[in-house]
Amino acid sequence: MEAALAPQYGKYHARNLFGAVYGQGEFSPEAVPEKLRGELRAGQLREAGRYVSGDGTVRYLMELGDGKTVETVFMTEGSRDTICVSSQVGCPVDCKFCLTALMGLERNLTAGEIVGQVLHVMRRHGLAPKSRTMNIVLMGQGEPLMNLENVLKATRILVDQRGVGMGERRICLSTSGLVPKIEELGRATIRPRLAISLNASHEEQRQEVMPITKKWHLADLIEACRRFPLKPKEHIFFEYVLLRGVNDSDEDAARVVSLLEGLPAKVNLIPLNPGPGIPYETPEPGRVERFQRILMRSLLCYVRKPRGRDIYAACGQLKRMNEPEKLVRIGAGA
Ligand code: SAH
Ligand code: SF4
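Residues numbered from 1 in each chain as written. Chains lettered and ligands numbered in written order. Predicted model: local features only at pLDDT ≥ 70, side-chain atom pairs only at ≥ 80, totals over all residues. Heavy atoms only, no water.

Engineer: Report on the sheet that holds strand β6 (residues 80–84), specifying residues and quantitative values.
Structural biologist: Across the sheet, 10 strands lie side by side as β3-β4-β5-β6-β9-β10-β11-β12-β13-β14; this open sheet has mixed pairing. Every interior strand has two partners, whereas the edge strands, β3 (46–52) and β14 (300–303), have only one. Neighbour to neighbour, the strand axes of the sheet diverge by 20° on average, direction disregarded. Of the pairings in the sheet, the one linking strand β5 (residues 69–77) to β6 comprises five bridges and is antiparallel in character. Note on β6: the bridge partner recorded for T76 is D81. Sheet strands touched by helix α3 (residues 148–159): β9 (134–138) and β10 (171–175). Its angle to β10, the strand with the most contacts, is close to 165°. (Pairing = 2+ DSSP bridges. Helix = DSSP H or I, 4+ residues; strand = E, 2+ residues; numbered from the N terminus. Axes fitted to C-alpha atoms, helices over the stretch in contact; angles between N-to-C directions. Contact = heavy atoms within 4.5 Å.)

What follows is the structure, encoded as structure tokens:
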């Protein structure tokens, strides 16, 4: 739900409306003063599908006001809850290992639609505002830096103490590496943390798996990370999708170490989540471990556990997959 107040209304009305829309972690129409109801723009999200994984991960198919759908994922582990939200319908970036890429871009989401995904999951799972165990990652469908204005607006709404009251440090966005937009993000006063999808150890290899590198070169991307104004104790996350026989050798690991040298980096290794039409394979666990060990000599490095692969909810698998027979088939092998 969104509202654009006509000019005759002032701050007081705006605050009133904000409280009604975001205040209790959910939209409550009765709380909107009568005369302001006409200011609300329809656009509340509707749950069009819900898929529950064997590991507890839940993938939501959310229908927008215009009938288009995006995906939102809820993951819980120990006391930590993570909501993975989409920033666009589809994605215009053509990473060769990602199912979302096959959709192309349909449109940007509004700030209200980004926040709406969070509110829906909070309501569904009984998550309270101002939680210290909830994290939001902009790692669903879309390239968040291609919709930066709305992503920043959504972040400001999410951290507002009168609403969801998220800690700014608990929101993170992941990008394929749009250099000028990283600089713009760095200039924002309130902003998510930065994660870079690195996914390759040298320029040629990155151009092959992420053609966007032809426009924004790897060296310039790393430079932009070095210049990025970090807050105290802040790290930059680097994600690295491991593709068997492509970017997973010991030499690749050594090159990643030297690329990131001197950066306050944390690396998340993501063994490929497979999907139909994706021309790569997942490395053996032993290879992943060895890669991690080399990085660990000088960097913080974790292996991201695949979550919800059986329901197409894992990284790079968001493509509105809703045919149950396919879900069962991949569930058996993944
Ligand atoms: N568009 C943004 C955020 C969404 S993708 C980005 O690319 O950063 C979130 C993460 O999933 C990225 O790090 C991406 O590299 C990774 N990813 C994409 N496809 C994947 C796949 N098939 N298996 C594992 N990780 C994948
Ligand atoms: Fe888009 Fe990210 Fe998928 Fe690349 S990995 S196609 S940027 S969603």
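Now that the structure is up, let's keep going.
Engineer: Could you give an account of the site of ligand 1, with specific residues and numbers?
Structural biologist: Every one of the 18 residues lining ligand 1 counts as a neighbour, but F97, G142, S174, S197 and N273 are closest to it. The contact in question runs from a nitrogen atom of ligand 1 to an N or O atom on the backbone of F97, over 2.7 Å. N199 is positioned with one of its side-chain polar atoms (N or O) 3.0 Å from an oxygen atom of ligand 1. Bound to the protein, ligand 1 loses 95% of the 530 Å² it would expose on its own. Those elements that provide at least two residues to the shell around ligand 1 are β10 and β12 (236–242). (Near = heavy atom within 4 Å. Polar contact = N/O pair within 3.5 Å; in protein donor to acceptor, adjacent residues only side chain to side chain. Areas by Shrake-Rupley, 256 points an atom, 1.4 Å probe, with all protein chains shown as cover.)

Engineer: I'd love a proper account of the pairing of strand β11 (residues 193–197), names of residues and values included.
Structural biologist: β11 sits mainly inside the fold: five of its five residues count as buried. As paired elements, β10 and β11 share four bridges and run parallel to each other. Along β11, the bridge assignment pairs S174 with A195. As a crossover connection, the stretch from β10 through helix α4 (residues 179–187) into β11 is right-handed. (Buried < 20%, exposed > 50% of the residue type's maximum accessible area, 1.4 Å probe, protein only. Right-handed = clockwise from strand over helix to strand, strands pointing away.)

Engineer: Tell me about helix α7 (residues 250–259), residues and numbers included.
Structural biologist: Helical geometry note: an α-helix holds 3.6 residues per turn, so side chains three or four residues apart project in the same direction. All of the buried residues along α7 are D252, A253, V256, V257 and L259. Within α7, the buried residues cover an arc of 165° as seen down the axis, which keeps them to one side. In this structure, the buried side of α7 is in contact with α5 (203–209), α6 (218–227), β12 and α8 (285–296). (Arc of directions from axis to C-beta.)

Engineer: Can you lay out the packing of aromatic side chains for me, pointing to particular residues and giving the numbers?
Structural biologist: Within this structure, the stated rule accounts for one aromatic pair. Ring geometry for Y240 against F291: centres 5.2 Å apart, planes inclined by 35°, an arrangement best described as tilted. Of the two residues, Y240 sits in strand β12 while F291 sits in helix α8, which places them 51 residues apart along the sequence. Like Y240, the residue F291 is buried in the burial classification. (Phe/Tyr/Trp six-rings, centres within 6.5 Å; stacked < 30°, edge-to-face > 60°.)

Engineer: Explain the environment of S53 residue by residue, including any values.
Structural biologist: Turning to its location among the elements, S53 is positioned in the loop between β3 and β4 (58–63). Classification of S53 as buried rests on a relative accessible area of 7%. In this structure the C-alpha to C-alpha distance between S53 and A313, which are 260 residues apart in sequence, comes to 8.3 Å. If sequence neighbours within four positions are ignored, S53 has contacts with G308, D310 and I311. Among the polar contacts made by the side chain of S53, one reaches the side chain of D55 at a distance of 2.9 Å.

Engineer: Can you explain the environment of E261? Please cite residues and give values.
Structural biologist: Positionally, E261 belongs in the loop between α7 and β13 (265–271). The spacing of E261 and Q205 is 56 residues in sequence and 19 Å in space, taken between C-alpha atoms.

Engineer: How would you summarise the state of the cysteines if you had to cite specific residues and measurements?
Structural biologist: Evaluation of the coordinates by the stated rule reveals zero disulfides. In this structure C84 is not part of a disulfide, and its nearest cysteine sulfur, from C315, lies 7.1 Å away. With a relative accessible area of 8%, C84 lands in the buried category. (Disulfide = S-S within 2.5 Å.)

Engineer: Account for the pattern of salt bridges, with residues named and values stated.
Structural biologist: Considering all chains together, one arrives at 21 salt bridges under this definition. Residue E77 is joined to K305 by a salt bridge in which the shortest nitrogen-to-oxygen separation is 2.6 Å. Of this pair, E77 sits in strand β5 while K305 sits in the loop between β14 and α9 (324–333); the two residues are 228 residues apart in sequence, bridging distant segments of the chain. By relative accessible area, E77 is classed as partly exposed at 43%. With its nearest N and O atoms 2.9 Å apart, the salt bridge here joins R191 to E234. Of this pair, R191 sits in the loop between α4 and β11 while E234 sits in the loop between α6 and β12, placing them 43 residues apart in sequence. Through salt bridges with shared partners, one network takes in D55, E77, K305 and R307. (Salt bridge = Lys/Arg side-chain N within 4 Å of Asp/Glu carboxyl O.)

Geometry only, nothing functional implied.
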